[in-house]
Amino acid sequence: MTPSAARILVADDEPNIRSLLQKVLGGEGYTVFVADGGREAVALAEREPIHLALVDLTMPDLSGLEVLRAVKERQPDARVMIMTAYATAESAVEAMKQGALDYLIKPFALDELKLQIRRALGEAALVEENESLRRALELRNADRPLVGRSPALLAALDLVRRVAGQDTTILVTGETGTGKELIARALHGASTRNTGPFLAINCGAIPESLLERELFGNERGAFTGADAARAGLLEAAAAGSLFLDEIADLPVPLQPKLLRVLEGHDFLRVGGTRPVRCRTRFIAATNRDLAREVRDGRFRQDLYFRVTAAVVQVPPLRARPEDLPILVEHMLEGRAHATPAAMTALSAYDWPGNVRELRNVVNTA
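Everything quoted here is computed from the prediction, not taken from an experiment.

**With respect to the overall build of the protein chain**
Here comes step 1: Regarding its fold elements, the protein chain presents 15 helices and 12 strands.
Here comes step 2: Dimensions along the principal axes, computed over C-alpha positions, put the protein chain at roughly 80 × 55 × 40 Å.
Here comes step 3: Taken over 365 residues, the protein chain has a buried fraction of 46%.
Here comes step 4: Considering only intrachain contacts with a sequence separation of at least 6, the fraction spanning at least 24 residues in the protein chain is 69%.
Here comes step 5: Across the protein chain, the centroid of the 45 positively charged side chains sits 2 Å from that of the 49 negatively charged ones.

The following block contains the structure:
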């Protein structure tokens, strides 16, 4: 992991320690977040991906061990080093039992600290890369409709592998029928959230008022018939991913509400006054040109920038002709085999409906 890619949290109630570590580690090229206490450290870990945390053992509001547990709950792969000027064998043993990577005695030599950090981040990067690759390969074999060996498809799958671990909103683009939801499921499956739910909603298939309730949930009495409070998809997908299909069709009045969730990581249920924390990872998809939608005034520019932090383009079937025989054989599932004449006829067609259209033709042949 290069220093420019690494994100380090420093939590210490002593201003001079925070300032020194921010200066030294920032000078090494790391992105450094500082917290003057335990609660601020936990809040930072709630909203920022962290690779390594340097946490003081004794702070007024939360102890270093409490911060260690909270960071590990939110970001299990983050490395945590405990710092203290009052070392005891008991506290060192307890820190290690709680999952601390190391136990640093103040004052420590800065050159030695730099070396320990580089070693810790190097190990973290190796573990993350191997795990990501393993999940990506499993997924490539599991999602049969994504089979193929064309450069266009392999490039898309490689991008899936590289961005899946980023806990940011990802946009999947492509023509109708190319398999955008399958790519979205691949992104979820190759992420650290793959043990959580993958929930999907079509932003253009549900009336605006119902769509808002489905996304945000509602409080009791929010509207006629609301006899009980109900959680929406934002809460139901908290430990996993929420797939916003056809996001270009998201009603304009709901766009600023979604923007608030993406920026502030909280929302209000319909009829609610108490903010609810949002821990969901978003994957969006569209078959339209979102930049054109922005120019035409149908999609907010600020929301556009939020959902296009990473973009995976799914190639149309005509851009991967070498995958056509593989897809046909897969869809036939051994029931039959396509004759050379049939493959010639299929290859001569442009497939505007892409893989979905091909599946319909094969299933009805």
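Back to the write-up after that little detour.
**Regarding the pattern of salt bridges**
Here comes step 1: Scanning the entire structure with this criterion turns up 28 salt bridges.
Here comes step 2: A salt bridge links Glu46 to Arg279; its shortest N-O distance comes to 2.5 Å. Of this pair, Glu46 sits in helix α2 (residues 38-47) while Arg279 sits in the loop between β10 (276-277) and β11 (281-286), placing them 233 residues apart in sequence.
Here comes step 3: Among the salt bridges present, the one from Arg298 reaches Asp296, with a minimum N-O distance of 3.0 Å.
Here comes step 4: Overlapping salt bridges, with partners in common, bring together Glu46, Glu73, Arg74, Arg277 and Arg279 in one network.

**Observations regarding the packing of aromatic side chains**
Here comes step 1: As enumerated under the stated definition, the model contains 4 aromatic pairs in all.
Here comes step 2: Where Phe198 meets Phe243, the ring centres are 5.9 Å apart and the plane angle is 25 degrees; that geometry is what we call stacked. With Phe198 in strand β7 (residues 198-202) and Phe243 in strand β8 (residues 241-245), the pair connects residues that are 45 residues apart, well separated along the chain. Like Phe198, the residue Phe243 is buried in the burial classification.

**Examining a negative patch on the surface**
Here comes step 1: Residues Asp36, Glu40, Asp61 and Glu66 make up a contiguous surface patch of negative charge.
Here comes step 2: Note that Asp36 resides in the loop between β2 (31-35) and α2.
Here comes step 3: With a relative accessible area of 44%, Asp36 lands in the partly exposed category.

What counts, and at which threshold
- Residues numbered from 1 in each chain as written.
- Predicted model: local features only at pLDDT ≥ 70, side-chain atom pairs only at ≥ 80, totals over all residues.
- Heavy atoms only, no water.
- Helix = DSSP H or I, 4+ residues; strand = E, 2+ residues; numbered from the N terminus.
- Buried < 20%, exposed > 50% of the residue type's maximum accessible area, 1.4 Å probe, protein only.
- Contact = heavy atoms within 4.5 Å.
- Lys, Arg positive; Asp, Glu negative; His and termini not counted.
- Charge placed at Lys NZ, Arg CZ, Asp CG, Glu CD.
- Salt bridge = Lys/Arg side-chain N within 4 Å of Asp/Glu carboxyl O.
- Phe/Tyr/Trp six-rings, centres within 6.5 Å; stacked < 30°, edge-to-face > 60°.
- Patch = residues over 30% accessible without salt bridge, like charges linked within 9 Å, V, L, I, M, F, W, Y side chains within 5 Å.
- Areas by Shrake-Rupley, 256 points an atom, 1.4 Å probe, with all protein chains shown as cover.

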